[in-house]
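What follows is each chain in one-letter form.
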Amino acid sequence: MTSPSDRSDRNDAAKRAAKGSEQVTASSATSVPASLRTAQPQAWWPQARFISAEGVREETQRTPLQGYLRALLLTLGVGLFLVLPTDILPNPIFSREVPVRWWEYLAVGATLILTFLWFALPAAPKDPQAGRFATIIGATLFAVACPVCNKIVLLLLGTSGALGLWAPAQPYIAAIAVAALALALWLRVRPRPLSL
């Protein structure tokens, strides 16, 4: 049997615990921004903070200016990746045996415009397109590179094959790469139907 003094001690302890949890709840609620507070912590777990998915998205979302600046910097990186090793932009590190053809400027320009749009426009949730982008940029690099400076093509086809087979195919490869990048961009930004 429990005595009345034991019961009052338990009641006092329960009151102190409840008061302490209220203080913890109040102090934890003030440290969380109001936009992230969506539910009150449960009494049995006073330190818990419940954050909705919308609150997380609000905190991590970029401003449009930050998004465009990021897209511009990434496009600049892709552009340097395309024009420096192919010597479309003359530089002292790389050289080119075959002069730059007119369509190579168009292919690189279209790729850079689509690259900027790729990074600037918001993607649909759960975007599976990231691997396609790198593959298409690699195909564009092969398409605009000097046909006899490409070591892989030279090993596979030799010099006469590089000039006789690979060089005439490069404009078509560039057109396919630009079209594939445009299609991948459209697939990335198009609205998707909700699935139940």
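Scroll up to find the structure this text is about.
Below: a short report on this structure.

**Points about the overall build of the protein chain**
Next up, step 1: Helix and strand counts for the protein chain stand at 6 helices and 0 strands.
Next up, step 2: Here the protein chain holds 196 residues, and the buried ones make up 31% of them.
Next up, step 3: A separation of at least 24 residues holds for 60% of the contacts in the protein chain among residues at least 6 apart in sequence.
Next up, step 4: Carbon and sulfur atoms provide 68% of the accessible area of the protein chain, an area that totals close to 13200 Å².

**With respect to the packing of helix α3 (residues 64-83) against helix α4 (residues 102-120)**
In a pair of packed helices, the angle between the axes and the distance between the axes together describe the arrangement.
Next up, step 1: α4 packs onto α3 with a crossing angle of 150 degrees between their chain directions and a minimal axis gap of 8 Å. Here α3 is positioned roughly antiparallel relative to α4, judged by the angle of their axes. For the pair α3 and α4, the crossing hand works out as right-handed. Seen from α3, the contacting residues are G67, Y68, R70, A71, L72, L74, T75, V78, G79, L82 and V83; seen from α4, they are V108, T111, L112, T115, F116, F119 and A120.
Next up, step 2: When its residues are assigned to classes, the contact of α3 with α4 shows 12 nonpolar, 5 polar and 1 charged.

**Remarks on the environment of A139**
Next up, step 1: With respect to the secondary-structure elements, A139 resides in helix α5 (residues 130-144).
Next up, step 2: For A139, a relative accessible area of 28% gives the class partly exposed.
Next up, step 3: For A139, the residues in contact, after removing those within four places along its chain, are I173 and A177.

**Quick word on the pattern of salt bridges**
Next up, step 1: For the structure shown, the criterion picks out 2 salt bridges.
Next up, step 2: Its salt-bridge partner being R96, residue E104 comes within 2.7 Å of it at the nearest N-O pair.
Next up, step 3: Its relative accessible area of 14% is what places R96 among the buried residues.

**Observations regarding α4**
Next up, step 1: Here α4 contains 19 residues, and its C-alpha end-to-end distance of 28 Å stays within 8% of the 27 Å for a straight helix at 1.5 Å per residue.
Next up, step 2: Considered for burial, the residues of α4 that qualify are W103, E104, A107, V108, T111, L114, T115, W118, F119 and A120.

**Quick look at the packing of aromatic side chains**
Where two aromatic rings form a pair, the distance of their centres and the angle of their planes describe that pair.
Next up, step 1: The tally for this structure, following the rule as stated, stands at 3 aromatic pairs.
Next up, step 2: Taking 5.0 Å as the distance between ring centres and 25 degrees as the angle between the ring planes, the aromatic pair formed by W118 and F133 counts as stacked. Here W118, found in helix α4, pairs with F133, found in helix α5; they are 15 residues apart in sequence, far enough to count as distant. Just as W118 is buried, F133 falls in that class too.
Next up, step 3: An aromatic cluster is defined as three or more aromatic residues linked by ring pairs; in this entry it consists of W118, F119 and F133.

Conventions adopted
Numbers given to residues run from 1 along each chain, matching the order in which its sequence is written. Residue-level local features of this predicted model are given only where pLDDT is at least 70; pairs of side-chain atoms are given and counted only at 80 or more, and the full residue set underlies all totals for whole chains, interfaces and linings. Calculated side-chain values reflect all of the structure's heavy atoms, with hydrogen atoms and water omitted. Comment: elements are numbered from the N terminus, with helices defined as DSSP H or I runs of at least four residues and strands as E runs of at least two. Burial here depends on accessible area, computed with a 1.4 Å probe over protein chains only, as a share of the maximum for the residue type. Under 20% is buried, over 50% is exposed, and the range in between is partly exposed. Contacts are assigned to residue pairs that have any heavy atoms within 4.5 Å of one another. Surface accessibility follows the Shrake-Rupley procedure with a 1.4 Å probe radius. Residue values consider only the protein chains on display as shielding. Only C-alpha atoms enter the line fits that serve as axes; for helices the fit covers just the stretch in contact. Angles between N-to-C directions range over 0 to 180 degrees. Here roughly perpendicular refers to angles of 65 to 115 degrees, roughly parallel to angles under 35, roughly antiparallel to angles over 145, and oblique to all remaining angles. By convention the crossing between two helices is left-handed if the near helix lies anticlockwise of the far one by an angle smaller than a right angle, and right-handed if it lies clockwise. Gly is placed with the polar residues, together with every amino acid not listed as nonpolar (Ala, Val, Leu, Ile, Met, Phe, Trp, Tyr, Cys and Pro) or charged (Asp, Glu, Lys and Arg). Take a side-chain nitrogen of Lys or Arg and a carboxyl oxygen of Asp or Glu: if they are within 4 Å of each other, that pair is a salt bridge. Every helix has an expected span of 1.5 Å times one less than the residues it contains. In this scheme Phe, Tyr and Trp rings, the latter by its six-membered ring, pair at centre separations within 6.5 Å, and the angle between planes marks the pair as stacked below 30 degrees, edge-to-face above 60, and tilted otherwise.

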